[in-house]
Amino acid sequence: MIRTEIKRNICSVWFVVAIALMYALFMTGDSGKVLNDWTSTTVIAAIWEKLHGNWQQDLGETSSLIKMYDVWTDSRYLPVFAPIFCSLPAMLRCRDEAESGSKRYVLARGSQMRYYAAKFIGGIISAALVMLIATAAYDVTILISYDWFPPESEEFQDAYYYFTGVATESAEDVSWPLLALNVARDRIYFCLYAAMGSALCFFFASAFRSRYTVFGSAILLCYVQDRVVDELATRSIDTGKGWMLTASYVLEPEFLRQAGRFGFYGDKEPLVLIVAAAWILLFYGLAFYVMSRCTDVGER
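Let me sum up the structure you'll find in this document. Just so we're clear, the structure is a prediction, and the values are computed from it rather than from any experiment. (Residues numbered from 1 in each chain as written. Predicted model: local features only at pLDDT ≥ 70, side-chain atom pairs only at ≥ 80, totals over all residues. Heavy atoms only, no water.)

## Focus: the overall build of the protein chain
Filter applied, for reference: Strands here are runs of E lasting at least two residues and helices are runs of H or I lasting at least four, both read from the DSSP assignment and numbered beginning at the N terminus. Both definitions apply: the radius of gyration is a C-alpha atom measure, and the globule rule equals 2.2 Å times residues to the power 0.38. Classification of residues uses two cut-offs on accessible area relative to the type maximum, computed with a 1.4 Å probe and protein chains only: under 20% is buried, over 50% is exposed, and between them is partly exposed.
A count of helical and extended segments in the protein chain gives 14 helices and zero strands. Taking 300 residues into account, the globule formula puts the C-alpha radius of gyration at 19 Å, and the protein chain, at 21 Å, falls close to it. Structurally, the protein chain occupies a C-alpha span of about 65 × 45 × 35 Å along its principal axes. Of all 300 residues assigned to the protein chain, the portion counted as buried reaches 48%.

This is the structure we're talking about:
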């Protein structure tokens, strides 16, 4: 049942749509001030401008590694829509089963625990794969389209420090395995964030009948969370209250990738994993509780 659930999530048209939407979200992020007139545009528009000669040379913001690192903060809408896009295959499959009444037929071929385990594992894997494939496609695009600076350059050393937390002074100080490991670690944390989003969206899919309510509730909650983080960060600067900045770090989705390097979780990487696991288990647990209250979600 678990293998079937994973296969159906991955082999669905919504899986392809989710990857395309995530990739589009990345590509419509801010390009940085890479144009000749020192202005910025979207990443995809900047690549088009580069093909036509409108591109700054030897500028840090044109570094492919720095752009790969900034992928999360470049898109203003990423924290709002990324959880929904990554959850599309599992979330819509849950709604399809609820609307068609097919859950009872699935349960006739296996136990309820196996059914829930399949939903849990299938949802996490499909969401992580959506994020992984979309970020991989984005990384390849950026490596091809943006500039690659040599290891002895200041631009490369800045990017190296962002990813690894290790300062270098020359090309001899660069550890390529360490850089590759930290880039991969960064993307794995993106996948973990996608899994957290899948748990939240799957709960909404199990709790509401209407697809519009499911999408609306998920988008609203993600938007409110994003606004709260911005407000806390802004107020911490205006008032000088450190606890507000700490709270913004705790609530910011980017805290996952910063764990072990910067911010509140800079020296608390195990705590990040515990928080992420607790989040996933909580919302999937709530979803399964709602689903167990009736024979079929669509009957409520």
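## So, the nonpolar core
Here is the rule we go by: Each nonpolar core is a collection of buried residues, namely Ala, Val, Leu, Ile, Met, Phe, Trp, Tyr and Cys, held together in the definition by side-chain atoms within 4.5 Å. Pairs of residues are marked as contacts when any of their non-hydrogen atoms sit within 4.5 Å.
Within the largest apolar cluster, 74 residues are counted, with the highest numbers of intra-cluster contacts made by M22, F26, M131 and Y146. With 15 residues, the single largest contributor to this core is helix α10 (residues 176–207). When residues no more than four places from it in sequence are discounted, the contact partners of F26 are V43, V71, L78, M131, A134, T135 and Y138.

## Side note on the side chain of T62
Following the sequence through the fold, T62 ends up in the loop between α3 (43–51) and α4 (64–69). In this structure T62 comes out as buried when scored by relative accessible area, which is 0%. Setting aside chain neighbours within four positions, we find T62 in contact with V34, W55, Q56, Y146, D147 and F149.

## Things to note about the packing of helix α9 (residues 154–164) against α10
Just so we agree on the cut-off: Fitted lines through C-alpha atoms serve as axes, helices being fitted only where they are in contact, and the angles separating the N-to-C directions of these axes extend from 0 to 180 degrees. For classification purposes, angles smaller than 35 degrees are called roughly parallel, those larger than 145 roughly antiparallel, those between 65 and 115 roughly perpendicular, and all remaining angles oblique. Should the near helix be turned anticlockwise from the far one by less than a right angle, the crossing is left-handed, and should it be turned clockwise, the crossing is right-handed. Nonpolar residues are Ala, Val, Leu, Ile, Met, Phe, Trp, Tyr, Cys and Pro. Charged residues are Asp, Glu, Lys and Arg, and all others, Gly as well, are polar.
In the contact formed by α9 and α10, the axes pass within 9 Å of each other and the chain directions differ by 55°. Relative to α10, the element α9 is oriented oblique. Every pair of crossing elements has a handedness; the one defined by α9 and α10 is left-handed. Between α9 and α10, the contacting residues are F156, Y160, F163 and T164 on the first element and W176, L178, L179, N182, V183, D186 and R187 on the second. Among the residues making up the contact of α9 with α10, the classes are represented as seven nonpolar, two polar and two charged.

## Side note on helix α11 (residues 211–239)
The condition is simple: One less than the residue count of a helix, multiplied by 1.5 Å, gives the span that helix is expected to have.
In a regular helix each residue adds 1.5 Å, so 29 residues correspond to 42 Å; α11 covers 42 Å between its end C-alpha atoms and thus fits that length. What α11 keeps buried is the set V214, S217, A218, C222, D226, V229, L232 and S236. In the stretch just after α11, G240 is the one whose phi turns positive, near 75°.

## Quick look at empty space enclosed by the protein
Basically, it comes down to this: Here a cavity is any set of points on a 1 Å grid over the protein atoms alone where a 1.4 Å probe fits but cannot get out, and a pocket is any open set with protein on both sides within 12 Å along at least 5 of 7 lines; a residue lines the site when it has an atom within 4 Å of a point. Grid points are joined across faces, edges and corners, and a volume is the space filled by probe spheres set on the points.
Applying the stated criterion across every chain, the model contains two cavities of 30 Å³ or more. Of the pockets and cavities examined, the largest cavity occupies roughly 40 Å³. Forming the boundary of the largest cavity are S63, S64, L65, W148, F149, E155, F156 and A159. For the lining of the largest cavity, the secondary-structure elements that each account for two or more residues are α4 and α9. When residues of the lining of the largest cavity are assigned to their parent elements, the largest contribution, three residues, is made by α9. Split into classes, the residues belonging to the lining of the largest cavity amount to five nonpolar, two polar and one charged.

## Some points on the side chain of Q56
Cut-off, in case you're wondering: Side-chain atoms alone can form a polar contact between residues adjacent in sequence; in general such a contact is a pair of N or O atoms within 3.5 Å, and within protein one must be able to donate a hydrogen while the other accepts it.
Mapped onto the elements of the fold, Q56 is located in the loop between α3 and α4. Taking relative accessible area as the criterion, Q56 reaches 11% and is therefore assigned buried. Among the polar contacts made by the side chain of Q56, one reaches the main-chain carbonyl oxygen of L35 at a distance of 3.1 Å. Discounting chain neighbours no more than four positions away, the residues touching Q56 are K33, V34, L35, N36, W38, T62 and D147.

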